[in-house]
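Given next are the chains, with one letter for each unit.
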Amino acid sequence: MSEPAVAVIGVTKIFPVPFQRRSVVALRDLTLRVSPGQIYGLLGPNGSGKSTTLKIILGLVPPTKGRAEIFGKDSNLVASREAVGFLPESPYFHKYLTGEETLRFHGKLGGLRGAALKNRVEELLALVGLTNARKRRLGGYSKGMLQRIGLAQALVHEPALVVLDEPTAGVDPAGAGEIRDLILHLKERGITVLLSSHLLGQVQEICDRVGILANGVLVREGALDDLLGIENQTELVLENASPELLGEIETLASKRGARVLDRRRPRTSLERVFLEATESPREQTRRDTP
Amino acid sequence: MMRVFVVLISVALFGVAKLPAEHALAKAHRDLHFRDVDFNLGLREQIGQLGFVAALSGFRSLVADGLFIQAHVAWERTEWGRVLLLFRQVTTLQPRVILFWDMAAWHMAWNASTAAINNPAQPRLALRIKAQREYFALGKDFLERGIRNNPERPQLYEALGRLYRDKYIDHEHAAEFFGKGAALPEAPSYLKRFAAYELSQCPGHEREAYDRLHALYASGENERLPTLLRRLKEMEIKLDIPLDQRIPDRLP
Amino acid sequence: MIRPRHRAFSLGRIVAITGNTLTELTRLKVFYVLLLFALVLIGTSIFMAQLTFQQEFQVVKDIALGAMSIFTSLLAVVTTARLLPQEIEDRTIYTILAKPVPRVEYLLGKLLGVLLLLALSIIAMGALFFIVLYLREQTVLYETTRQMSTAPPEQMADALRAVRASAFSAGLLPGIAIIYVKACLLASLTLFVSTFATTTVFTTVVMVFVYFIGHLQGIAREYWLQNNSAGWITKSLLALVALLFPDLQLFNRTDDIIAGNAIPLALFLKTATLGLFYTGFYLLLAWSLFFRKEL
Ligand SMILES: Nc1ncnc2c1ncn2[C@@H]1O[C@H](COP(=O)(O)OP(=O)(O)O)[C@@H](O)[C@H]1O
Ligand SMILES: [Mg+2]
């Protein structure tokens, strides 16, 4: 299937600044394609135009020039939103609704009714681990819980594409990890994911493909491996290797015309240290607790 | 900018379309005596800028009630000039409320006039009587204007009849207004009787009074009240009605 | 996955948004307004003890219906004015409009939520008003019966009829219905203003002006249509008011109804229809601006 899940074609967005002659160019001639089944990361510093791009894809903001499509349907058409779920940047929901009511409400907007709606809500509450918090008002949810209910809300009408604006921003590493796991789970189920982030580290492990925005221009784009891999270098990680063995490898390498550039101990990431240190005591309480 | 223009144009076009409907509706309401108040400059000076604006913006009845309550307080303090002024405003604001005309006239012709004739500050009787007469006239004026605004309601005719009967002792006019009131569809049954009683006291109208009283008498047991019987007997005597045509003598 | 084709218009979605809006509004404690109404009603009833029953009923009706008119108008403007800004500020509008929900359905759902709230409020106020009126009527009837126990039955009947006539009249119901229609019109107009306003305060201020000018529109219109001698500046000013503003005075029929003039059904229906036309038109305008609004 060749039809892209998302196509952004030559989009320019200019925001007028009220009461001034000046205007802000948020996006400049942006073209972007997301293939079905991929996790696509839109990266860039704050103010680079990520949110604007996503809003144009969802038809929330009309582009000044160009157009966007979802599975071949123009974003201006309401019907294009059938196949997409959206998690806005730091989403807020109606504080007076419980988690379950929030999902029911959005499910109805997505066209679900009756038993189908009920089952779907159950399923999603279980998926995002909020079954025990279902009867609590969102006013009392933690940031991570809100992000998860937001994700569930985006999935309620079983879209083939989800668009997530900064899904891990402001969430602690454990919460971010859970959200990453959820995103990978979506990919397994064949759902295309388009996400944005200004924290590269948080998403680089899960993205298949990334685009880097700077000042509204797509400066880099490609598969993650291609972007990060250095063509002519390979990393070996050995366990229990003696200094003699390492010497032999080095000699062998130079015999064959290769060269060992660097020898170092791999370091675990700080994030992993944090997670291991905090995991055990939090394990029983972290779910459903702010 | 373009859109603002388009929106303004559509509002104006809708305005053109709705104008005849609004005009016709307003007229229909007016024709039904849903008369809107004539907001003249005088009223604005009387009730003040704030009250005037409020009265214009749909709070007319509330402004009128406020003034009415003030009038009530002024009455308790026997400040008659203030009572008069306030009732003029109240009736201007709410010309369709019978009660306000009735109250205004009653305060003038009954309360203020009594106070005037008993005014200890005025030693000269002639002047006291003159003042009393003026208050009668003010009461009469309220009722006449009230009737002009509400010609289909019997209450103010009745009040005017009472004013002529009790204050001016003018039976002829009293009979006239009781009669006018009695002719209206909403009239209470006693107005016809009142009109006939008054007529029976007007010299020269004995025959007509007798006929009316007799007709009432003939209309059933309900009408045969002691006063009616007494007046009817008086007329029989005055007119020398033959004995066999007279009503049976049931008076003690 | 098999998915039913997208429906361009869905009552279910509108009902969902309406329900959501109503829930939101009821949790805003707007019903304190009803409490205030009850206090006003009870307050006047206490004061009324010094007046005769006709005066009392007149004033109670004036004040109750006047308060109903003010409170529903106020409720309509204040609740509608913050509807869109609040949703945009809370960013809840993004998740809603990112679903396959046409914007016109969103606006309609929001407006219906407000109209439902207004209906509930006016029903509650009306019920309270009728209960107070009924209780006072019964008291006065009882007192009259006692005071006139020696009078002839015909006079007694007359007096009781007078009491009943000055308390209840069926004409009050269409009067209250028209108050509601006026509130609907104001809510819809507020929604329209809020689609281009930048702040809630701006919307509210605009609506206060509209409210006052709307009540003068009738005078301006009649003057413009009849008077040919006015200068062209005056005439264009009057025409502008007559064309751009609704005649709100048409929806103030309670004064006359309290005075005892029943409003004929046909006239009532025409007035209500005009109000609903206005409501629909302003919704359409709101949609035309909201259709491609940047969020
Ligand atoms: N509604 C708006 N009005 C004016 N300028 C805006 C608006 N939304 C975004 N911008 C501007 O567009 C640029 C891109 O913003 P955004 O897409 O939110 O960036 P990011 O999500 O990458 O942080 C910024 O300079 C921002 O100030
Ligand atoms: Mg952003």
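Residues numbered from 1 in each chain as written. Chains lettered and ligands numbered in written order. Predicted model: local features only at pLDDT ≥ 70, side-chain atom pairs only at ≥ 80, totals over all residues. Heavy atoms only, no water.

A. Highlighting the coordination of the magnesium ion (ligand 2). All names here are of chain A. For the magnesium ion (ligand 2), every protein donor is listed as Ser51 (OG) and Glu89 (OE), and the spread of their distances is 2.0 to 2.6 Å. With Ser51 in helix α1 (residues 50-57) and Glu89 in the loop between β6 (84-87) and α2 (99-109), this residue pair connects regions lying 38 residues apart in the sequence. For Ser51, a relative accessible area of 17% gives the class buried. The class of Glu89 is partly exposed, set by a relative accessible area of 31%. (Donors = N, O, S within 2.8 Å, 3.2 Å for Na, K, Ca; no water. Helix = DSSP H or I, 4+ residues; strand = E, 2+ residues; numbered from the N terminus. Buried < 20%, exposed > 50% of the residue type's maximum accessible area, 1.4 Å probe, protein only.)

B. Focus on the arrangement of the chains. When the two pairs of chains in contact are ranked by number of contacts, first place goes to chains B and C. When C-alpha atoms are compared, chain A and chain B, though not in contact, are closest at a spacing of 13 Å. (Contact = heavy atoms within 4.5 Å.)

C. Representation of the packing of α2(A) against helix α1 (residues 11-26) of chain C within the structure. Look at α2(A) against α1(C): their axes get within 8 Å of each other, and the N-to-C directions meet at 150°. When the axis of α2(A) is compared with that of α1(C), the two are roughly antiparallel. The chirality of how α2(A) crosses α1(C) is left-handed. Judged by residue contacts, A:Phe105, A:Lys108 and A:Leu109 of α2(A) engage C:Arg13, C:Ala16, C:Ile17 and C:Asn20 from α1(C). By residue class, the composition of the contact of α2(A) with α1(C) is four nonpolar, one polar and two charged. (Axes fitted to C-alpha atoms, helices over the stretch in contact; angles between N-to-C directions. Parallel < 35°, antiparallel > 145°, perpendicular 65-115°, else oblique. Left-handed = near helix turned anticlockwise from the far one by under 90°. Nonpolar A, V, L, I, M, F, W, Y, C, P; charged D, E, K, R; others polar.)

D. Up close: the packing of aromatic side chains. Within the structure shown, the criterion is met by 21 aromatic pairs over all chains. Centroid distance C:Phe281 to C:Tyr282: 5.7 Å. Interplanar angle 55°. Geometry classified as tilted. Note on accessibility: C:Phe281 and C:Tyr282 belong to one class, buried. An aromatic cluster of three or more residues is present, and its members are B:Phe14, C:Tyr278, C:Phe281 and C:Tyr282. For the cation-ring pair, B:Arg165 lies above B:Phe194, with the distance from its terminal atom to the ring centre recorded as 5.5 Å. Seen from the ring of C:Phe290, C:Arg103 lies directly overhead, with NZ or CZ sitting 5.5 Å from the centre. (Phe/Tyr/Trp six-rings, centres within 6.5 Å; stacked < 30°, edge-to-face > 60°. Lys NZ or Arg CZ within 6 Å of the ring centre and 35° of its normal.)

E. Inspection of the environment of C:Leu189 at higher detail. Residue and element names in this part refer to chain C. Residue placement: Leu189 occurs in helix α8 (residues 172-196). We classify Leu189 as buried; its relative accessible area is 6%. Ignoring any residue separated from it by four or fewer positions in sequence, one finds Leu189 in contact with Met207, Val210 and Tyr282.

F. Just helix α8 (residues 171-182) of chain B, in detail. All names here are of chain B. Taking 1.5 Å per residue as the helical rise, α8 with its 12 residues ought to reach 16 Å, and the 16 Å between its terminal C-alpha atoms agrees with that figure. Residues of α8 that are buried: His171, Ala174, Ala175, Phe177, Phe178 and Gly181. Structurally, α8 contributes buried residues whose contacts are with α7 (155-167) and α9 (190-200). (Expected span 1.5 Å × (residues − 1).)

G. Inspection of the interface of chain C and chain A at higher detail. Chain C puts 32 residues into the contact, and the matching count from chain A is 36 residues. Where chain C abuts chain A, roughly 3000 Å² becomes buried across the two surfaces, and 58% of that area is made up of carbon and sulfur atoms. The interface formed by chain C and chain A includes one salt bridge. With its nearest N and O atoms 2.4 Å apart, the salt bridge here joins C:Glu294 to A:Lys13. The interface formed by chain C and chain A holds nine residue pairs in polar contact (both at pLDDT 80 or more) in total. Contributing elements (two or more residues each) for the side of chain C that touches chain A: α1 and α5 (92-97) of chain C. Residue contributions to the side of chain C that touches chain A peak at seven residues, all from α1(C). Tallied by class, residues from the side of chain C that touches chain A come to 12 nonpolar, seven polar and 13 charged. (Buried area = accessible area lost by both parts, 1.4 Å probe. Salt bridge = Lys/Arg side-chain N within 4 Å of Asp/Glu carboxyl O. Polar contact = N/O pair within 3.5 Å; in protein donor to acceptor, adjacent residues only side chain to side chain.)

H. Quick peek at the confidence of the model for chain A. Overall, the predicted model of chain A reaches an average pLDDT of 85, with 89% of residues at or above 70. Low pLDDT, under 50, characterises residues 281-290 of chain A; the stretch is placed with 22 contacts to residues that sit more than four places away or in other chains. (pLDDT = per-residue confidence, 0-100.)

I. View of the side chain of C:Thr72. When you line up the elements, C:Thr72 lands in helix α3 (residues 53-81). When neighbours within four sequence positions are excluded, C:Thr72 is seen to be in contact with C:Leu118, C:Ile122, C:Met125, C:Ile179 and C:Ala183.

J. Spotlight on the interface of chain B and chain C. In this complex, chain B contributes 49 residues to the contact, which on the side of chain C involves 52 residues. In this assembly, chain B packs against chain C so that about 4400 Å² is buried in total across both faces, 66% of it on carbon and sulfur atoms. Between chain B and chain C we count one salt bridge in total. B:Glu22 serves as the salt-bridge partner of C:Arg221, at 3.3 Å between the closest nitrogen and oxygen. If you look at where chain B meets chain C, you find nine residue pairs in polar contact (both at pLDDT 80 or more). Only α1 (2-31), α2 (41-56), α3 (60-76), α5 (98-117) and α9 of chain B provide two or more residues apiece to the side of chain B that touches chain C.

K. The pattern of salt bridges, seen in detail. For the coordinates displayed, the defined rule picks out 31 salt bridges over all chains. Note that A:Lys50 and A:Glu166 form a salt bridge whose closest N and O atoms lie 3.8 Å from each other. Taken as a pair, A:Lys50 in helix α1 and A:Glu166 in the loop between β7 (161-165) and α5 (173-188) lie far apart in primary sequence, 116 residues in all. For A:Glu166, a relative accessible area of 4% gives the class buried. A salt bridge links C:Glu24 to C:Lys110; the shortest N-O distance between them is 3.8 Å.

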